[in-house]
Amino acid sequence: MRALILRSWSIASALALLLLLPVGANQAAAQADPLPSWNDAAPKTAIVEFVGRVTKDGGPDFVPPAERIAVFDNDGTLWSEQPVYFQLAFAIDRIAALAPQHPEWSDTQPFKGIIEGDLKAVAASGEHGLLEIMAATHAGLTTDKFGDIVDSWLAGAQHPKTKRLYTGMVYQPMLELLGYLRANGFKTFIVSGGGVEFMRRFAEKVYGIPPEQVIGSTGVVKFGIGADGKPALTKEAKIEFVDDGPGKPVGINRAIGRRPILAFGNSDGDQQMLEWTAAGSGARFMGLVHHTDADREWAYDRTSHVGKLDKALDEATAKNWTVVDMKTDWNAVFPPKP
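Bear in mind the structure is a predicted one, so any value in this text is a computation, not a measurement.

Visitor: Give a description of the overall build of the chain that names residues and reports values.
Guide: Across its full length, the chain holds 15 helices and 7 strands. Over its C-alpha atoms, taken along the principal directions, the chain stretches across nearly 95 × 45 × 45 Å. Expressed as a percentage of the 338 residues in the chain, the buried residues total 47%. Excluding contacts between residues fewer than 6 apart, the proportion of contacts in the chain whose partners are at least 24 apart in sequence is 67%. Taken as a whole, the chain presents about 16500 Å² of accessible surface, with 56% of it coming from carbon and sulfur.

Visitor: Which residues make up the sheet that holds strand E7 (residues 322-325), and what are the values?
Guide: If you walk across this open sheet you meet the 7 strands as E4-E3-E2-E1-E5-E6-E7, and the pairing is mixed. Since the sheet does not close on itself, it has two edges, and those belong to strand E4 (231-241) and E7, each with one partner. In this sheet, adjacent strand axes meet at a mean angle of 30° when their direction is disregarded. Across 3 bridges, the pairing between strand E1 (residues 69-72) and strand E5 (residues 262-265) is parallel.

Visitor: Which residues make up the packing of helix H4 (residues 86-98) against helix H8 (residues 143-156), and what are the values?
Guide: At a closest axis distance of 11 Å, the pairing of H4 and H8 adopts a crossing angle of 105°. Looking at the two axes, H4 sits roughly perpendicular to H8. Taken together, the residues of H8 that come into contact with H4 (itself represented by Phe86, Ala89, Phe90, Asp93 and Arg94) are Phe146, Ile149, Val150 and Trp153. By residue class, the composition of the contact of H4 with H8 is 7 nonpolar, no polar and 2 charged.

Visitor: So what about the pairing of strand E6 (residues 285-290)? Which residues, and what values?
Guide: In terms of residue burial, E6 counts as a mostly covered element, since 6 of its 6 residues are buried. Alternating positions in E6 separate into two faces, Phe285, Gly287 and Val289 on one and Met286, Leu288 and His290 on the other, with burial throughout. Relative to E6, E5 runs parallel, the two sharing 4 bridges. Bridge pairing in E6 links Ala263 to Met286. With helix H13 (residues 271-278) bridging E5 and its parallel neighbour E6, the resulting β-α-β unit is right-handed. Direction of pairing for E6 relative to E7: parallel, over a ladder of 4 bridges.

Visitor: I'd like a rundown of the pattern of salt bridges, residues and numbers included.
Guide: This model, assessed by the stated rule, comprises 12 salt bridges. A salt bridge links Arg296 to Asp293, with the shortest nitrogen-to-oxygen separation between them at 2.5 Å. On the basis of relative accessible area, Arg296 is assigned to the partly exposed category, the value being 31%. Between Glu315 and Lys319 there is a salt bridge, with its nearest N and O atoms 2.7 Å apart. Note that Glu315 and Lys319 are positioned in helix H14 (residues 311-319) at a spacing of 4 residues, about one turn of the helix. Overall, Glu315 belongs to the buried group, its relative accessible area being 11%. Through salt bridges that share partners, Asp33, Asp40 and Lys44 make up one connected network.

Visitor: Could you give an account of a nonpolar patch on the surface, naming the residues involved and the relevant values?
Guide: A contiguous nonpolar surface patch, about 380 Å² in accessible area, is contributed by Val221, Phe223, Ile225 and Leu233. Among the elements that line the nonpolar patch, the one with the most residues is strand E3 (residues 214-225), at 3 residues. Position of Ile225 relative to the elements: it lies in strand E3.

Here is what the cut-offs are and how they apply
Residues numbered from 1 in each chain as written. Predicted model: local features only at pLDDT ≥ 70, side-chain atom pairs only at ≥ 80, totals over all residues. Heavy atoms only, no water. Helix = DSSP H or I, 4+ residues; strand = E, 2+ residues; numbered from the N terminus. Buried < 20%, exposed > 50% of the residue type's maximum accessible area, 1.4 Å probe, protein only. Contact = heavy atoms within 4.5 Å. Areas by Shrake-Rupley, 256 points an atom, 1.4 Å probe, with all protein chains shown as cover. Pairing = 2+ DSSP bridges. Axes fitted to C-alpha atoms, helices over the stretch in contact; angles between N-to-C directions. Parallel < 35°, antiparallel > 145°, perpendicular 65-115°, else oblique. Nonpolar A, V, L, I, M, F, W, Y, C, P; charged D, E, K, R; others polar. Right-handed = clockwise from strand over helix to strand, strands pointing away. Salt bridge = Lys/Arg side-chain N within 4 Å of Asp/Glu carboxyl O. Patch = residues over 30% accessible without salt bridge, like charges linked within 9 Å, V, L, I, M, F, W, Y side chains within 5 Å.

Okay, structure coming up:
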């Protein structure tokens, strides 16, 4: 009898303790929300449902782990891109240092705009203008030296509006999404119009995406023996491949060899990547980040010189792709400041 009473008291005590705990604590004990910076709205629901379908062993939409390929644009999708692409901000600093050696730049766009401080003219040059700047300012550097310069710049350069380091301008909800996908057997890739050697310097530390899973625009590099007698790769002032617009599916095919089942972008430059993803068989997820939050970030779309979102937005609406409204679908934009 005594044992029975003690057992009954123990059960009752345990139940009482559970009732005293906050509801959120009970839920956390059951399963922590993997996407806490996403509001409980249609995009979050669509993501969770898609992942559940493709990872359910024996289900009609099951996808083997080896085929769970997810691709993400970088600028405007994983981190901010205003008022200019961040790699362009890096290149602007390089031009300031190199301008005395290049008097011809004073009459040639986009270099003229940079020297005169006309960021609108620079931004209007778009990804192709950025690639011209990259080629001109990076030429003659070995890949190792270039990497050191990028590392040094990223360690100290701050965004002019937020005063954060540029690597602090990443989107917290997208960091959560990358982790959630990897926890469910996905392999995550960056597919961006930016320079691949620039992005590879921070992608693993910031996004958890290793260098070999970063696809971007490339310049010509040449193998040679340096003055120290060691082999080196030297960057030349020539563009090899532009990984933007229709170049993105080409880059994916070349570097991955599998069609993605999930793709996320934010601009018309990502439209063909999303179309390529959508054209495959089985379950597919196509997403766009729509910049609608002028208070926490920026609000722009159809007329923007940077990250223009026009035709892709129309196609997303027509085909029922997932469009993330930054203002209403995210309860946080950037990670907390350290």
